[in-house]
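Secondary and tertiary structure notes
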Amino acid sequence: MSFLPASVPDRSHETPRNATLIVALGWLALVLALAIHWSQLQASHRSQLQAAEKQIQLRAAETAHALAVQFDALIGNADYIARHLAERWAGAGRHAFLDDLALARSALPEGTLAHVLIADPRGKVLFSSAGADEAAATPSVAGRAYFQAHGPEHRTRAFISEPLFDRFTRQWTIQLSRPLLRDGHFAGVIAVSITAESLSLALRRIFPGPVDVAALVDDDGRYLAHSQQMDEALGKSLPESSPIRTERNSHSGSFAWRTPLDGVLRHFAWQRAPTYPVTVIHGLDKHEALRPVLAVLRENSTQNAFGTALLILVAVAVSAMFLYGHRQGARLAAMADQLELSLEAGGLGTWSWEPDTGKIQFDERWAAMLGYAEDELPRQASTWESRIHPADLQHTRQALDALLQGASTSAEGEYRLRHRDGHWIWVHGRCRIAARARDGRPVQVAGTLQNVSARVAEARLRTALLDQSAAAIALFTSTREIRSVNSRAREIFGSGGIDPVGRNVRELGLHVEWADLQTMNQHYATLRAGGQVRCEYPLRDASGRARWFDMHGTPSDPEDPDSDIVWTLIDITERREAETALATERLRMITLLERYPGGVLMEDGSGRVVMVNQKFCTLLALGVEAASLEGLDHVQLCTRLDEVHSRWLHLPDSEHSIEKRRTIEVNEGPAKTLAVEWVPIVRDTDTLGRVWLVRDISERKQREAELARLATTDTLTGLPNRRSFMASLDAAIADVRGHPERGGVLLMMDIDHFKRINDSYGHPVGDAVLQHAAEVIRSSLRQTDSAGRLGGEEFGAVLPAINLQDGKALAERLRRTLAGRPASTDAGKIEVSISIGLTPLTGDDPNLLFSRADRALYAAKNSGRNRVSVSQPEKALPAPAGDGVAQ
Ligand SMILES: Nc1nc2c(ncn2[C@@H]2O[C@H](COP(=O)(O)OP(=O)(O)OP(=O)(O)O)[C@@H](O)[C@H]2O)c(=O)[nH]1
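Quick summary incoming for the structure in this document.

Criteria and thresholds
Residues numbered from 1 in each chain as written. Predicted model: local features only at pLDDT ≥ 70, side-chain atom pairs only at ≥ 80, totals over all residues. Heavy atoms only, no water. Buried < 20%, exposed > 50% of the residue type's maximum accessible area, 1.4 Å probe, protein only. Helix = DSSP H or I, 4+ residues; strand = E, 2+ residues; numbered from the N terminus. Pairing = 2+ DSSP bridges. 1 Å grid on protein atoms, 1.4 Å probe; cavity = no way out; pocket = protein on both sides within 12 Å on 5 of 7 lines; lining within 4 Å. Points joined across faces, edges and corners; volume = space filled by probe spheres on them. Nonpolar A, V, L, I, M, F, W, Y, C, P; charged D, E, K, R; others polar. Axes fitted to C-alpha atoms, helices over the stretch in contact; angles between N-to-C directions. Contact = heavy atoms within 4.5 Å. Phe/Tyr/Trp six-rings, centres within 6.5 Å; stacked < 30°, edge-to-face > 60°. Lys NZ or Arg CZ within 6 Å of the ring centre and 35° of its normal.

In this section: the pairing of strand E6 (residues 185–195). Walk down a regular strand and you will see the side chains alternate between the two sheet faces. Among the 11 residues that make up E6, 10 are buried, leaving the element largely enclosed by the rest of the structure. In terms of strand pairing, strand E1 (residues 113–119) meets E6 through six bridges, oriented antiparallel. Note that in E6 the partner of Leu-113 across the bridge is Ile-194. Bridge analysis of strand E5 (residues 171–182) against E6 gives 10 bridges, and the strand direction is antiparallel. If you follow Gln-175 over to E6, its bridge partner there is Ser-193. Connecting E5 to the next strand, E6, in antiparallel fashion are two residues, including Asp-183 with a positive phi near 60°.

One pass over the structure, following the stated rule, counts six cavities of 30 Å³ or more. In this structure, the largest cavity occupies an estimated 140 Å³ of space. Lining the largest cavity are 13 residues, and of these Phe-476, Val-505, Tyr-524, Leu-539 and Met-551 sit closest to its centre. Elements with a contribution of two residues or more to the lining of the largest cavity: helix H15 (517–530), strand E19 (533–540) and strand E21 (565–571). Within the lining of the largest cavity, the residues separate by chemical class into 11 nonpolar, one polar and one charged. If you add up the space inside the second largest cavity, you get close to 100 Å³. Together, Trp-351, Trp-353, Ile-360, Gln-361, Trp-366, Trp-384, Leu-400, Tyr-415 and Leu-449 line the second largest cavity. Contributing elements (two or more residues each) for the lining of the second largest cavity: strand E12 (348–354) and strand E13 (359–362). Here the lining of the second largest cavity is composed, by residue class, of eight nonpolar, one polar and no charged.

Another point: the sheet that holds strand E16 (residues 442–451). In a beta sheet, neighbouring strands pair by backbone hydrogen bonds and run either parallel or antiparallel. Reading across from one edge, E13-E12-E16-E15-E14 is the order of the five strands in this open sheet, with antiparallel pairing throughout. One side of each edge strand has no neighbouring strand; the edge strands of this open sheet are E13 and strand E14 (410–418). Each strand axis lies, on average, 25° off the axis of its neighbour in the sheet, ignoring direction. Pairing geometry for strand E15 (residues 424–436) and E16, over nine bridges, is antiparallel. Directly across from Ile-433, in E16, lies its bridge partner Val-445. Its contacts with the sheet put helix H11 (residues 390–404) on E12, E14, E15 and E16, and the angle it makes with E14 is roughly 155°. On the sheet, helix H12 (residues 453–468) packs against E14, E15 and E16 and is oriented at approximately 125° with respect to E15.

Turning to the sheet that holds E19, a few remarks are in order. The strand order across the open sheet formed by five strands is E18-E17-E21-E20-E19, and the pairing between neighbours is antiparallel. Each edge of the sheet is formed by a strand with only one pairing partner; in this case those strands are strand E18 (482–485) and E19. The average angle at which neighbouring strand axes cross in this sheet is 30°, direction not considered. Both strand E17 (residues 472–476) and E18 contribute to a ladder of three bridges, which runs antiparallel. The partner of Ala-474 across the bridge, within E18, is Val-485.

Inspection of every chain in the model, using the stated rule, returns 15 aromatic pairs. A centroid spacing of 5.7 Å and a plane angle of 70° characterise the contact between Phe-165 and Trp-172, whose relative ring orientation is edge-to-face. Overall, the relative accessible area of 42% leaves Phe-165 in the partly exposed class. Arranged with centres 6.4 Å apart and planes meeting at 50°, the rings of Phe-255 and Trp-257 form a pair that is tilted. When sorted by exposure, Phe-255 lands in the same class as Trp-257, which is buried. Put simply, the rings of Trp-89, Phe-97 and Phe-127 pair up and form one aromatic cluster. Lying across the ring of Trp-548, Arg-576 places its NZ or CZ 3.6 Å from the centre.

Written as structure tokens, this is what we have:
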């Protein structure tokens with residue numbers, strides 16, 4: 001996807017297309033020119049070749065002509081010898097004939113004349129130079145072609161026969177024959193045989209090599225001699241289509257023919273001999289003959305091909321350079337467009353400055369940055385320098401001086417410039433040396449200027465925001481080097497005025513010796529893998545103190561795991577210390593709870609169990625481990641308890657109690673009592689939780705009950721003591737005051753002559769008698785009645801809800817029972833009687849009642865003892881019918 005705007009033409013593609021077209025046209029022209037050139041070259045070569053061939057033909061024809069003349073003369077010599085010998089045979093004697101024959105043989109080159117034969121008109125051999133044997137072996141030549149050629153037709157001209165293999169000389173020979181005439185009549189034939197070898201030798205001397213050949217043929221095209229392959233050629237003929245055989249009237253000519261003898265294509269010229277019927281053919285090896293020409297033409301072609309290749313290479317190079325140039329041009333144009341766009345998009349103004357002249361050049365954006373049009377500002381250095389903020393002037397000049405003096409290759413920095421409106425704008429300037437004089441002195445500085453006011457303002461805002469953060473914020477590189485920090489981080493980690501920025505974590509000594517570095521490496525791995533990490537980790541602050549931080553790390557670029565990492569550190573040292581203290585306190589608390597004799601359960605403000613000891617579970621017989629209850633909320637806890645326990649556990653909440661503490665006792669059975677104490681944990685008016693304390697108070701309760709029982713019981717008889725009895729009397733009086741109709745009686749009883757028993761049997765026996773009397777009293781009374789020992793041998797009894805008569809009857813039964821049941825003692829059975837004073841139970845004062853009952857008792861004693869006496873109230877109540885002493 002192009003990042004160029006749609007309105008910007010993409011010249012990087014357009015221009016090379018035109019260039020390609022131009023190159024294609026150039027190549028078309030080049031190819032056409034080369035085609036024409038090569039066409040003409042080929043035509044020229046064909047023409048030269050044709051001329052060369054004509055030269056060859058001419059040369060062959062001339063040679064053939066010369067050879068024809070030569071061989072015509074040679075054959076003429078043989079013919080002359082034949083005619084001369086014929087004359088000598090006819091006119092001279094045999095010796096003269098033989099002499100001339102010898103002369104003729106020597107006149108011809110050696111080996112040329114093979115044989116001379118003379119036959120008569122019938123063909124009978126008359127003479128043979130081979131001797132008598134040959135003549136005898138060949139008695140007649142009538143069948144020979146030369147005899148028939150002369151004989152029947154009396155041909156007088158010379159006849160040349162086809163080559164024959166002479167069996168005597170073992171050579172190929174050609175017979176030249178003439179008729180012998182006598183008186184104008186046929187008188188026989190003379191045949192002179194010439195060796196084909198001699199003829200061939202004559203040809204071979206001229207054409208010794210196998211390339212160019214010459215041959216002698218007769219009119220029928222039969223070979224008579226051959227310069228090279230005589231043995232193969234003799235007996236063979238030229239093809240029937242050869243012009244020698246077809247154009248019998250022509251004397252010379254030429255033809256091309258691939259000779260079957262050696263398969264070489266040759267250009268032949270032929271020439272008939274002027275006198276004799278033989279033809280000389282001369283063949284030039286076409287390839288060899290044309291070799292020089294072909295070599296020249298080939299060299300010429302090679303040179304042309306080389307030239308063409310060179311031309312094409314040059315064309316290719318030119319095309320490539322042309323295209324490259326255009327592409328570079330297009331690319332440069334596109335880059336220029338892009339640069340312009342980039343400058344525009346980045347709000348970059350451009351400028352240049354000549355230090356020598358002080359002149360500056362700037363573009364429209366540079367001027368616009370300061371609020372001016374391009375032509376509104378003078379192009380002098382003062383235009384720029386006079387607008388620099390005084391506070392920035394020094395470092396700006398220093399940067400430029402360093403650049404001019406070669407201390408730096410480029411310079412950049414941020415400073416303020418005064419806008420036309422008077423306000424200051426922050427700019428970021430970059431520049432470098434653009435041109436130097438020959439001596440290396442800078443003569444032009446060029447650079448860019450960008451308005452970064454918004455970024456500076458944003459950076460300042462960001463810095464301010466970061467600095468206001470209570471957390472320490474630091475940007476770390478992937479090599480754990482600090483890139484930037486906020487003021488809080490600088491305050492914590494910048495020791496002794498050392499800026500932590502640019503320093504490594506180890507260099508700053510941030511790590512605490514006992515900290516687990518491997519854990520931190522795992523945190524980094526988590527961060528890389530998951531995009532963030534949160535952990536608690538100790539680091540040293542500037543003073544060397546180890547502090548705990550809640551660290552949150554995120555990569556600055558979520559897409560790049562290797563990007564810088566932003567760490568936000570919140571100091572949690574106090575919290576960690578508090579947690580440690582809390583953990584210690586909790587441990588102490590747990591230790592305490594485990595040693596506390598009772599059960600403890602602690603809930604937080606929301607009712608969740610935060611602590612519980614095992615004793616709690618044991619006392620409530622929960623059958624679970626204490627730890628299993630921690631974390632349960634109140635409802636869940638109730639489900640673990642039975643109905644009884646959950647009831648008291650619900651109690652405070654159900655009543656919305658605001659009590660500070662409450663204790664209840666829970667009976668877990670006849671022998672077990674638990675004290676459950678509910679203690680709210682309150683700070684000011686807030687309830688922070690509550691504590692349940694459960695104690696087993698069974699023993700205490702039993703002890704208290706025993707003490708109570710001992711306090712109200714007569715230890716000897718087991719009956720309630722006087723105080724307890726008085727309490728019962730008070731209760732009975734109160735009851736009768738509320739319900740007088742119910743009635744009731746008070747009895748006072750005294751054992752008769754008890755002193756005697758003591759005196760007679762001893763005190764312990766007396767005690768046994770007392771216990772016996774008490775038991776009789778207890779068993780004689782009703783369930784609702786109360787008896788007690790008033791002191792010594794004196795007893796009392798309160799009988800509520802009974803009328804006087806029934807009360808008196810009951811008292812009488814008691815008296816009789818005791819009197820009729822002797823006490824079993826260590827001294828044996830001892831009879832004992834008791835006197836009883838009875839008075840109705842009224843709402844009167846107890847002392848008054850006692851006084852009345854005591855009076856009745858006194859009366860019973862005085863009446864003789866062992867009897868019941870009744871004492872009525874003095875007033876109010878009428879005297880009952882049965883008032884008096886009963887026995
Ligand atoms: N063994 C014994 N003797 C007791 C006890 N308390 C009082 N006594 C004696 O009881 C006797 C009471 O005697 P008295 O008051 O004279 O009365 P009595 O002998 O019963 O004569 P009457 O009451 O008139 O019939 C005294 O001798 C006391 O010492 C006791 O707890 N045990």
